[in-house]
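# Geometric and topological summary
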Amino acid sequence: MSRTVVVLGGGISGLAASYHLSRAPYPPKVVLVEGSERLGGWIRSVRGSDGAIFELGPRGIRPAGALGARTLLMVMMGGSWLQTLEASGCVLSQELFQHQAQKAAATQLGLKEPPSYCLVHLHKNCIPQYTLGHWQKLESARQFLAAQRLPLTLAGASYEGVAVNDCIESGRQAAVSVLGTEPQS
């Protein structure tokens, strides 16, 4: 008897899960459900007014609820720019980072209006991190799903890893969990 697997969300993790499910020796019927008009989730390309193309990546770290649903842009700054500021004795403040991020977004993407809301975090020597307690909440959710024997698997930037490769691996792991075996390469 053939089974059907429903993948909720056509972001990079949902697309990766669908792909790996379809590569199984006896693939299930895969139904991909996406709520927006395009696939790719938070990953998309944006062309600036000067013709430059910016790749916007997954955003698992964003405000919760309705505010997060309207979040359109994450600006990550660092490297030599930040090192130069530190070396010059500049005071690193949220206001400075917000100003610089808004200036860069306006210049590079041709934005005319300032954002209606801005959230600034300084994560030195790292990529963006989940909020305190994230891993405990995730483990609690997994235990609940197992205890209730719900046929659900969690995948994506909101759960494990914010980089593109993490999202793809998360989708692959979800497929392995559903299939009970590694899909074919």
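Just so you know, these numbers come straight off a predicted model, no measurement behind them.

## Some remarks on helix H6 (residues 164–179)
Over its 16 residues, H6 extends 23 Å from the first C-alpha to the last, a length consistent with the 22 Å expected when each residue adds 1.5 Å. The complete set of buried residues in H6 reads Cys167, Ser170, Gly171, Arg172, Ala174, Ala175, Val176 and Leu179. As for H6, its buried residues are in contact with helix H1 (12–22). A positive backbone phi angle near 80° is found at Gly180, which sits one or two residues after H6.

## A closer look at the nonpolar core
Counting residues in hydrophobic clusters, the biggest one holds 6 residues: Val5, Val7, Leu21, Ala24, Ala175 and Leu179. Those elements giving two or more residues to this core turn out to be strand S1 (4–8) and H6. With residues near it in sequence (within four places) discarded, Val7 still touches Gly14, Ser18, Leu21, Val30, Val31, Leu32 and Val33.

## Some details on the environment of Val31
Summarising the element assignment, Val31 is placed in strand S2 (residues 29–33). On the basis of relative accessible area, Val31 is assigned to the partly exposed category, the value being 31%. Sequence separation of Val31 and Thr4 is 27 residues, and the distance between their C-alpha atoms is 7.3 Å. In this view, Val31 contacts Thr4, Val5, Val6 and Val7; residues no more than four positions away in its chain are not counted.

## Let's talk about the confidence of the model for the protein chain
Looking at the protein chain, pLDDT values average 80 and 77% of them are 70 or higher. Per-element confidence in the protein chain is highest for S2, whose mean pLDDT is 96, and lowest for helix H2 (residues 65–69), whose mean pLDDT is 60.

## A word on H1
For H1, the complete set of buried residues consists of Ser13, Gly14, Ala16, Ala17, Ser18, His20 and Leu21. Where the residues of H1 are buried, they touch S1, S2 and H6.

## Concerning the pairing of S2
In summary, the side chains of a regular strand alternate between the two faces of the sheet. Here 5 bridges tie S1 to S2, and the two strands are oriented parallel to one another. Each residue of the ladder has a partner; that of Val7, found in S2, is Leu32. Note on the crossover from S1 through H1 to S2: the handedness is right-handed.

What counts as what
Numbering of residues starts from 1 in every chain and runs along the sequence as written. Two thresholds apply to this predicted model, a pLDDT of at least 70 for residue-level local features and 80 or more for giving and counting side-chain atom pairs, whereas whole-chain, interface and lining totals are computed over all residues. Here the side-chain values reflect all heavy atoms present in the structure, with hydrogen atoms and water set aside. Secondary structure elements are defined from DSSP: runs of H or I of at least 4 residues count as helices, runs of E of at least 2 residues count as strands, and each element is numbered from the N terminus. One less than the number of residues in a helix, times 1.5 Å, gives the span that helix is expected to have. Remark: exposure states derive from per-residue accessible area (1.4 Å probe, protein chains only) relative to the maximum for the residue type, with buried under 20%, exposed over 50%, and partly exposed in between. Any pair of residues with heavy atoms lying within 4.5 Å of one another is described as a contacting pair. Only buried residues count toward a nonpolar core, which is a set of Ala, Val, Leu, Ile, Met, Phe, Trp, Tyr and Cys residues joined through side-chain atoms within 4.5 Å. Each residue carries a pLDDT score, the predictor's confidence in it, ranging from 0 to 100. Note: two strands are recorded as paired if DSSP finds a minimum of 2 bridges between them. Classification remark: right-handed applies to a crossover when, strands pointing away from the viewer, the course from the first strand over the helix to the second runs clockwise.

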